[in-house]
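# Working through the structure, step by step
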Amino acid sequence: MLRERHLLVFFLYSVGVESIHLPDRYQLQACIGEGGSALVYRALDHHLGREVAVKVLHDYVIPADRHRFEREIRTLARLTHPNVVSIYDLGHTEDRRLFFTMQLLNGGAFHEVGPLEATPESFERFFRVSRAVLYGLEYMHEKGMIHRDLTPHNILFGPDGLPRIMDFGLVYASQDVTRDLTRTGYTLGTPHYMAPEQARGGMVGPHSDIYAFGAVMYRALTGQVPFEGDNDQAVLYQHVYEPPRHPTEINPAVPEPLAEAVLKFLEKDPKNRPMSGAGAIAVIEEARENLLRNTIPGQYRGGLARTGYHPGGPTFTRPLKSIWSVRLGTDVSWPSAVIGDRDFVAVGTRKGTVAVYEHTGRKHAEYGARDEVTAPVTLEGDRLVYGSWDGVVRSVDVRTGVEHWRHQARSEITTAPTRFGELYFVAARDGHLHALHEKTGVMKWAFKTQSPLAGSPVIWASTIMLADEEGWVYGLDAASGKSLWKLQLSSVHATPVAAPISREQLMLLIPTWEGELHALKLTLNNGRYMPDPQDVLEWTYDLEGEVWCSPAVHQGRVYMGSWAGQLYALDLHTGDDLWTCQVGSRITASPVVSSGVVYVASEDGDLLALNEKTGDVVWKVKTPSGIQATPLLTDSTLYVAFMDGTLTAFR
Ligand SMILES: Nc1ncnc2c1ncn2[C@@H]1O[C@H](COP(=O)(O)OP(=O)(O)OP(=O)(O)O)[C@@H](O)[C@H]1O
């Protein structure tokens, strides 16, 4: 049935192409869309040698639709903005049908940026494109225009990946004589994205476009429109009277600050919404700030900074300089990875302490344990969670030091506490993975692996992936701890890293102690990531020497350091070499990435910043002590904990 429909559509479109005769300047190529009043084609503009979109008015339109088409042309002629589609030309076909040409936007519709994944890259892209649309709206609103029909299909991406607002047939311009664009019997606009005041036929304003864009963002984040219904009336009723479901209930990957921002756009009473594009940008920016500062740097690889990419790092315009340096205490060599949050950075020490500093370098506090703290700690908001070698996991208020809870495991805690939803996952040396409730520390379940766990678990789409020292790789259900799958490679001593390669597929990168990097391909199946038993190993790369660190992944590239001191950049999809760089002696600290730069450190004190694309050294310092612990990029600063127990901030 579906196939027949496609054929029919194709047939209609082919007829369309042949029966339209544009001036010689344009060569029609294909029909790419159809709306209520017009057909849209891709065409070649011979004069300027580029492809354009041509929108041709149907020959059988009612006056109201012709009116809308003309209104769209008039509006477009008055707008010049990078986030609004540009009009190029206007004319008539041979049979006197009105057409205009515009920028060809073939990068998909707005909702295709989602559903949102819980990765910094995905968040950054979402913020970037949402901000761009709001700039476009602000520009229109300043000219006294209200769009009144924003939908994901009216915001299309150009080849540059930036969105443009289009379809201006319903624009309300305050200086227009004809203000009423409603037809008897129904309201114009698209019900799924329509503001309550517009649904009721009341006064629309910039806030109505903000609401509609809120609904568009909601769809992009969650994959669903705010309200579904059997008919338009049922949908419109809910816009007016019902609260939308919280976005995180539909997609847990949507971070709280972003969900709150979108719900603010969707307030029923216009007075409670941002009043303009600029106001909306401020709301989005605040959400981004909160998100970056609160969540992303606060966890180790297994958390949200799980790919080693930190959007909050310094922008590299000149070599970084040390801005402060402190001793973590006496007898505190071999510190753990540096973890940071909006106000503090924290480092675990072998002396059995977690040293907490303000971003200025002032010491805030030192929290104790009865044994070494070698695994990275986790810091989120006011909560600091850390494990020590006596098997105790503690959650304390980082400001006051008040302990929320304590959990006793039977052996050393060797990996970072990793949070997903309301659970923290912590691994102990005896091979037990504990799932602890974030508020109470009560254990919900435990899972026993074959041998000790050296790396933290990685969590995606409610699937926990972990690898033990004998090389078994496990997939568990995050809610119940039930085993989903298991396969064997060779001994693993580092935290695996996962990165999406498509909407349904994930590449799980597993560094083995023997010096291989394995890439396993997992596919989303009933909401969990599963391997295809016949075809799970996508590629393997042999590194020189053993491997002790985790890879970093950013924009389809994998950065991996070896004990032989080489940093490798590989293609995420194929494992092909992109570039390599000899850094120094052994690399045990995992590389980190921010703003086009990979930071890598060696055990003999070389600290390098490399161009992500080319591997060229952009900055290099020789430090007096070696580096083993993964550095942190946050608050525009690079934080490094040295083997001799010094913590230094570079900016
Ligand atoms: N500049 C463009 N580049 C690429 N595709 C486009 C472009 N403009 C329109 N399209 C495609 O054509 C489809 C129809 O276009 P549009 O919505 O502007 O028509 P319309 O007649 O005004 O629709 P309606 O009146 O139903 O809102 C769009 O959904 C889109 O897929």
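Residues numbered from 1 in each chain as written. Predicted model: local features only at pLDDT ≥ 70, side-chain atom pairs only at ≥ 80, totals over all residues. Heavy atoms only, no water.

Turning our attention to the pattern of salt bridges. Across all of its chains, the model carries 33 salt bridges by this definition. Here Arg-97 ties to Asp-59 by a salt bridge, and the two come within 4.0 Å at their closest N and O atoms. Of this pair, Arg-97 sits in the loop between strand E4 (87–92) and strand E5 (98–102) while Asp-59 sits in the loop between strand E3 (50–57) and helix H2 (63–78), placing them 38 residues apart in sequence. For the salt bridge of Arg-245 with Glu-249, the shortest nitrogen-to-oxygen distance reads 3.3 Å. Exposure remark for Arg-245: the relative accessible area of 44% places this residue in the partly exposed category. One salt-bridge network, in which partners are shared between bridges, spans Arg-25, Asp-45 and Asp-89. (Salt bridge = Lys/Arg side-chain N within 4 Å of Asp/Glu carboxyl O. Helix = DSSP H or I, 4+ residues; strand = E, 2+ residues; numbered from the N terminus. Buried < 20%, exposed > 50% of the residue type's maximum accessible area, 1.4 Å probe, protein only.)

Looking now at the UniProt feature "binding site: ATP" (unreviewed entry) in the chain. The residues that UniProt annotates with the feature "binding site: ATP" (unreviewed entry) are Lys-55. Counting through the fold element by element, Lys-55 comes out in strand E3. Within the structure, the side chain of Lys-55 is placed 2.9 Å from the side chain of Glu-72, a separation counted as a polar contact. (UniProt positions renumbered as here; feature names shortened; annotations may be inferred. Polar contact = N/O pair within 3.5 Å; in protein donor to acceptor, adjacent residues only side chain to side chain.)

With that out of the way, let us pick up the site of the ligand. Among the 18 residues in the neighbourhood of the ligand, the closest are listed as Gly-36, Lys-55, Arg-68, Gln-103 and Leu-105. In the model, a nitrogen atom of the ligand is placed 2.8 Å from a nitrogen or oxygen of the Gln-103 main chain. Burial of the ligand by the protein amounts to 83% of the accessible area it has alone, namely 620 Å². For the shell around the ligand, the secondary-structure elements that each account for two or more residues are strand E1 (26–34), strand E2 (38–45) and E3. Counting residues per element, the shell around the ligand draws most heavily on E1, which supplies three residues. (Near = heavy atom within 4 Å. Areas by Shrake-Rupley, 256 points an atom, 1.4 Å probe, with all protein chains shown as cover.)

Let us now look at empty space enclosed by the protein. In the structure shown here, the tally under the stated rule is three cavities of 30 Å³ or more. Taken together, eleven residues make up the lining of the second largest cavity; nearest its centre are Arg-148, Asp-149, Tyr-193, Met-194 and Gln-198. Counting residues per element, the lining of the second largest cavity draws most heavily on helix H5 (residues 206–222), which supplies three residues. (1 Å grid on protein atoms, 1.4 Å probe; cavity = no way out; pocket = protein on both sides within 12 Å on 5 of 7 lines; lining within 4 Å. Points joined across faces, edges and corners; volume = space filled by probe spheres on them.)

With that settled, consider H2. For H2, built from 16 residues, the straight-helix expectation of 22 Å at 1.5 Å per residue is met to within 8% by its first-to-last C-alpha distance of 23 Å. Restricting attention to buried positions, one finds in H2 the residues Asp-65, Arg-68, Phe-69, Arg-71, Glu-72, Ile-73, Thr-75 and Leu-76. In this fold, the buried residues of H2 make contact with E2, E3, E4, E5, strand E6 (145–146) and strand E9 (172–173). (Expected span 1.5 Å × (residues − 1). Contact = heavy atoms within 4.5 Å.)

A word on the sheet that holds strand E11 (residues 339–340). As summarised here, the arrangement of the four strands in space is E11-E12-E13-E14, forming an open sheet in which the pairing is antiparallel. Every interior strand has two partners, whereas the edge strands, E11 and strand E14 (363–368), have only one. Note that E11 and strand E12 (residues 344–348) share two bridges and pair antiparallel. Opposite Ile-339, over in E12, you have Ala-346 as the bridge partner. (Pairing = 2+ DSSP bridges.)

What the four strands build is an open sheet, ordered E10-E42-E41-E40; its pairing is antiparallel. Strands at the two margins of the open sheet, each flanked by one partner only, are strand E10 (322–327) and strand E40 (632–634). Neighbour-to-neighbour, the strand axes of this sheet turn through a mean angle of 15 degrees, independent of strand direction. (Axes fitted to C-alpha atoms, helices over the stretch in contact; angles between N-to-C directions.)

Moving on, we come to the pairing of strand E35 (residues 577–582). As defined by bridge partners, strand E34 (residues 566–571) adjoins E35 across five bridges and the pair is classed as antiparallel. When the bridges of E35 are listed, Tyr-568 appears paired with Thr-580. Linking two consecutive strands that pair antiparallel, namely E34 and E35, is a turn of five residues; a positive phi of about 80 degrees is found at Gly-575 within it.

With that out of the way, let us pick up the nonpolar core. Soluble globular proteins tend to pack their nonpolar side chains together in the buried interior. Among the nonpolar cores identified, the biggest contains 67 residues, and Phe-110, Phe-126, Leu-134, Phe-168, Phe-213 and Phe-265 are the most heavily contacted of them. The biggest single contributor to this core is H5, with ten residues. Of the domains in this structure, domain 1 (20–102) and domain 2 (115–294) are the two that each give at least three residues to this core. Of all hydrophobic cores here, the second largest spans 31 residues; its members include Ala-552, Trp-579, Ile-587 and Leu-610. (Core = buried A, V, L, I, M, F, W, Y, C linked by side-chain atoms within 4.5 Å. Domains from an automatic or database assignment.)

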